Amino acid sequence: MIRVWKTTLKLRMIIGFIVILIFVGMLISRAFDLQIMEGSRLKKLARKQFHAKIYFMPERGNIYSSNGSILAASVNVPGIAVDSFMVKHKLKNAEKLSKITGISYDKIIRILNRNVQFAWIKRRVSGRTAKEVEKLGIPGVVLVKQPVRYYPNGSLLAHVLGFVGINDNGLSGIEYKYDKYLKGNRRALKILQDGLGQYIFIRGFGFKKATHGDNIYLTVNKQLQFVTQYYLDKEAKAADSRGAFAIVMNPNTGAILAMADYPDFNPNYYWKYSARYWRNRAVTDDFEPGSTMKPFIISGALQDGIIKPDTVINGHHGAYYIDGIIVHDVENGFGRMTINQLIEYSCNVCACQVGMKMGKPRVWHWLKKWGFLSRPHAGLLGESAGIDRPLSKWSEVGPCEEAFGQGAAITGLQEITALSAIANGGLRIKPYIIDKIVNPYGKIIYKAKPEYLGRIITHKVDREIKYMMRLVVKGGTGQYSRLIDFKVCGKTGTGQITNPKTGKYYKNKYTASFMAFVPYRHPKLAMLVVQQKPAKISYYGGAVSAPVAGDVFKSAVNILNIYPGGKAYKKQLKAGANIYDNSGVLILRGGSKTTDSGVKNASIKDFGSITMPDLKGLTVYRALAVLRKFRFSLKIIGSGYLYYQSIKPGTNLGKTGSEKALFLKFEPYKYYYFKKNKNKKP
């Protein structure tokens, strides 16, 4: 009996030991599996479960004008958020929040019932609303400040700048194209969280410093942009245009100084406008240029030696039959005329004949050489390469049509770039609008430089085409852009618009354009104005677009301190007077040795007395001619007719050999008044 019991006990011990061994083996196997085989994967899962990151968006970089004025900046705006787990008395508090925020009671209740730790009630609220919510002191309802893009100038340059969405992402314009520079790097704070997902903050644990966005400086002059936009809006509204745009460029560098679109929009409230208001027409819209194409084709014919400025062509009195079509001139038909007169009076019939003399390959060659078949790459969003048929699909009269601006569709940016080549002496230059990009620490990471793409026409041909464009403004179709003290060169254009459904031209819809540069000899400004489908006043470029250029130029020469030069300034230089710009910088120093006796012996009629003459009502040229015998340090402000002189008429000047300071202010806007009232001083 005892032996049986001992045997049973021994058997049980063996079985128990075996069970323990099996269990230990399973534990070791499982531990091996967890620690060795699955260790890496489980560590990653643990990190995900217990480690978290809270991201803080960095401040977006600013956008500045050429003179450092802020065009776009980020400001912190309060928003209302809620942790629904912490909110008690939800029905009562929802009613309070609804009254303050203006959000419906039902919507707030739905937000509070989501049972989430974070939800927005309203992302952007005024400071007053934020204070009222803060006074309520509702547990779980917090104010969260977040960066919001702000455009202090409203609609100024809106089509170029674009706008930023609610998540601080650029959605249009410069904001979109250069988003990676402006946005910067996100800031991350690593934290621990428990099994319930609640945060456990450990001081100094994994903080990553944020990098603010880079700052972008544009080539745009803020004052000139305002003037351009003002006059474009004014004329476009008067003409009841469907759309309009204007571009001002420095033809010597390719820098875009102003770019305006009509109708405009306010990027601070971009969602209130339809998408058609957002696009930058100056770079996206293709249009048939009409007669503004003539200087480019004619200059190509001059360069090829096919014609000369005095070549005579028969205008056929405004109706020319060629290969089954009739080419008309818009107004009165012309007879025989030179190439100079062709540009001056914009004769389609004569331009057609020049195009036919050139032939298809040469016209195509010059379109490419002027840059009309490629993107300008100015750094703007949505730049178009224009539209034209392949050369193989041109009809027999293709060169004729292209010569007066039909057949090819181009963009405003392409045309102003080509115009700048004529203005700067025949060099094709790459346009640009980004002047520099500066990182948050002040280091310049990009700086633009003028980039010349080669010579298009020779100096000789360039002088010839400039003279023709000067005639357009002096006595031709562009007279509404004339200035008093400056010689302007320009060309008008009236392009037809194609009906996309029929492929034929509309009978009553046109594109009215005008391009110009100033001054004549050494241009500092080039400008293009295009009105799309003007319904009132006129549909001719000389009537509705040229006045915009004239008004902008009047202000631009003052803003940019541009002086006319010419014979009057040479006389002033010889007379010994110094001329300063608006900021007081000396730009011309005289060198004559006019003697005191020479002044004393001069008659009052010659304005040579020792008393100060009355200069009011005189132009800059006339005023300088009057002062040629005096030794003044002159500071001239403005252009046009003089309305203020710092030394009053009749003042005893003493010895004129001693240099005196004289300030002269001229007002271009008194031109019309003075012309109507010749016997009165303006």
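Just above sits the structure.
This section reports on the structure supplied with the text. Treat the numbers as computed from the prediction; the structure is a model and nothing was measured.

With that settled, the discussion passes to the state of the cysteines. Under the criterion given, the structure shown has one disulfide. One disulfide in the model links C352 with C400; its S-S distance is 2.1 Å. An S-S torsion of about -110 degrees defines the bridge between C352 and C400 as left-handed. Taken as a pair, C352 in helix α13 (residues 348–358) and C400 in helix α15 (residues 398–403) lie far apart in primary sequence, 48 residues in all. The exposure class of C352 is buried, given its relative accessible area of 0%. Sulfur of C347: no disulfide; nearest cysteine sulfur belongs to C350 and is 3.4 Å away. Given a relative accessible area of 1%, C350 falls into the buried group.

Their axes nearest at 9 Å, the elements helix α9 (residues 222–239) and helix α19 (residues 546–559) cross at an angle of 160 degrees. The angle between α9 and α19 falls in the class roughly antiparallel. When you trace α9 past α19, the crossing you get is right-handed. Every residue of α19 that contacts α9 at Q223, L224, V227, T228, Y231, L232 and E235 is listed here: P547, V548, D551, V552, S555, A556 and I559. Considered class by class, the residues forming the contact of α9 with α19 number nine nonpolar, three polar and two charged.

Turning our eyes to something else, we now look at the side chain of R470. Along the chain, R470 turns up in helix α17 (residues 459–475). Residues within four places of R470 in sequence aside, it is in contact with K487, V488, C489 and Y520.

A grouping of K474, R482, K487 and R521 is seen on the molecular surface, where their side chains present a positively charged patch. Here R521 is to be found in the loop between β21 (505–518) and β22 (525–532).

Once that is clear, we can look at helix α4 (residues 105–112). Within α4, the full set of buried residues consists of I108, I109, I111 and L112. An end-on view of α4 places all buried positions within 160 degrees of arc, on one side of the element. For α4, the exposed residues set more than 90 degrees away from the buried face come down to D106 and R110. Contact partners of the buried residues in α4: β3 (70–82), α3 (90–101) and β4 (119–122).

We now examine the side chain of S299. Assignment of secondary structure puts S299 in helix α11 (residues 294–303). From its side chain, S299 meets the backbone oxygen of P295 in a polar contact 2.9 Å long. Leaving out residues up to four positions away in the same chain, S299 has contacts with W370, I457, V461 and I465.

Soluble, globular proteins show a tendency: their nonpolar side chains are buried together. The biggest cluster of nonpolar side chains holds 85 residues, and the ones touching the most others in it are I298 and W370. For this core, the leading source of residues is helix α16 (residues 412–423), giving seven residues. When residues no more than four places from it in sequence are discounted, the contact partners of I298 are I307, I339, L342, I343, V354, I465 and M468. Core analysis: the second largest hydrophobic core is formed by 30 residues, V227, L232, F514 and M527 among them.

Topologically, M356 is positioned in helix α13. With a relative accessible area of 31%, M356 lands in the partly exposed category. Each C-alpha atom of the pair M356 and E396 lies 8.8 Å from the other, and the pair is 40 residues apart in sequence. Beyond its immediate stretch of four places on either side in the chain, M356 contacts I322, E396, V397, P399 and C400.

With 12 residues, α3 should cover 16 Å at 1.5 Å per step; its first-to-last C-alpha distance of 16 Å lies within 8% of that length. Those residues of α3 lying buried are N93, A94, L97, S98, I100 and T101. Along the axis of α3, the buried residues cluster in a sector spanning 165 degrees; they form a single face. More than 90 degrees from the buried face of α3, the exposed residues found are L91, K92 and K99. Summarising the contacts, the buried residues of α3 are in contact with β3, α4, β4, α5 (127–136) and β5 (141–150).

All right, on to the pairing of strand β10 (residues 243–249) then. Extensive coverage of β10 is indicated by the burial of seven of its seven residues. Alternating residues of β10 divide into G243, F245, I247 and M249 and A244, A246 and V248, and every residue in both groups is buried. Sheet analysis places β10 next to β22, joined by seven bridges and oriented antiparallel. Within β22, the residue paired with G243 across the bridge is Q532. Note that β10 and strand β11 (residues 256–262) share six bridges and pair antiparallel. Counted as the bridge partner of V248 is A258 from β11. Linking β10 to β11, which pair antiparallel, is a turn of six residues; within it G254 sits at a positive phi near 90 degrees.

Between two aromatic rings, the relevant description is the distance of the centres plus the angle of the planes. All told, the structure shown has 17 aromatic pairs when counted by the stated rule. The side chain of R276 reaches across the aromatic face of Y277, ending 4.7 Å from its centre. Here the basic side chain of K509 rests over the ring of Y506, its NZ or CZ set 4.3 Å away from the ring centre.

With that settled, the discussion passes to a nonpolar patch on the surface. Residues I20, F23, V24, L27 and I28 make up a contiguous nonpolar surface patch of roughly 480 Å² in combined accessible area. Note on placement: I28 falls in helix α1 (residues 2–37). Note on I28: relative accessible area 54%, which makes it exposed.

About the cut-offs
Residues numbered from 1 in each chain as written. Predicted model: local features only at pLDDT ≥ 70, side-chain atom pairs only at ≥ 80, totals over all residues. Heavy atoms only, no water. Disulfide = S-S within 2.5 Å. Helix = DSSP H or I, 4+ residues; strand = E, 2+ residues; numbered from the N terminus. Buried < 20%, exposed > 50% of the residue type's maximum accessible area, 1.4 Å probe, protein only. Axes fitted to C-alpha atoms, helices over the stretch in contact; angles between N-to-C directions. Parallel < 35°, antiparallel > 145°, perpendicular 65-115°, else oblique. Left-handed = near helix turned anticlockwise from the far one by under 90°. Contact = heavy atoms within 4.5 Å. Nonpolar A, V, L, I, M, F, W, Y, C, P; charged D, E, K, R; others polar. Patch = residues over 30% accessible without salt bridge, like charges linked within 9 Å, V, L, I, M, F, W, Y side chains within 5 Å. Areas by Shrake-Rupley, 256 points an atom, 1.4 Å probe, with all protein chains shown as cover. Salt bridge = Lys/Arg side-chain N within 4 Å of Asp/Glu carboxyl O. Lys, Arg positive; Asp, Glu negative; His and termini not counted. Charge placed at Lys NZ, Arg CZ, Asp CG, Glu CD. Arc of directions from axis to C-beta. Polar contact = N/O pair within 3.5 Å; in protein donor to acceptor, adjacent residues only side chain to side chain. Core = buried A, V, L, I, M, F, W, Y, C linked by side-chain atoms within 4.5 Å. Expected span 1.5 Å × (residues − 1). Pairing = 2+ DSSP bridges. Phe/Tyr/Trp six-rings, centres within 6.5 Å; stacked < 30°, edge-to-face > 60°. Lys NZ or Arg CZ within 6 Å of the ring centre and 35° of its normal.

That is the geometry; function is a separate question.
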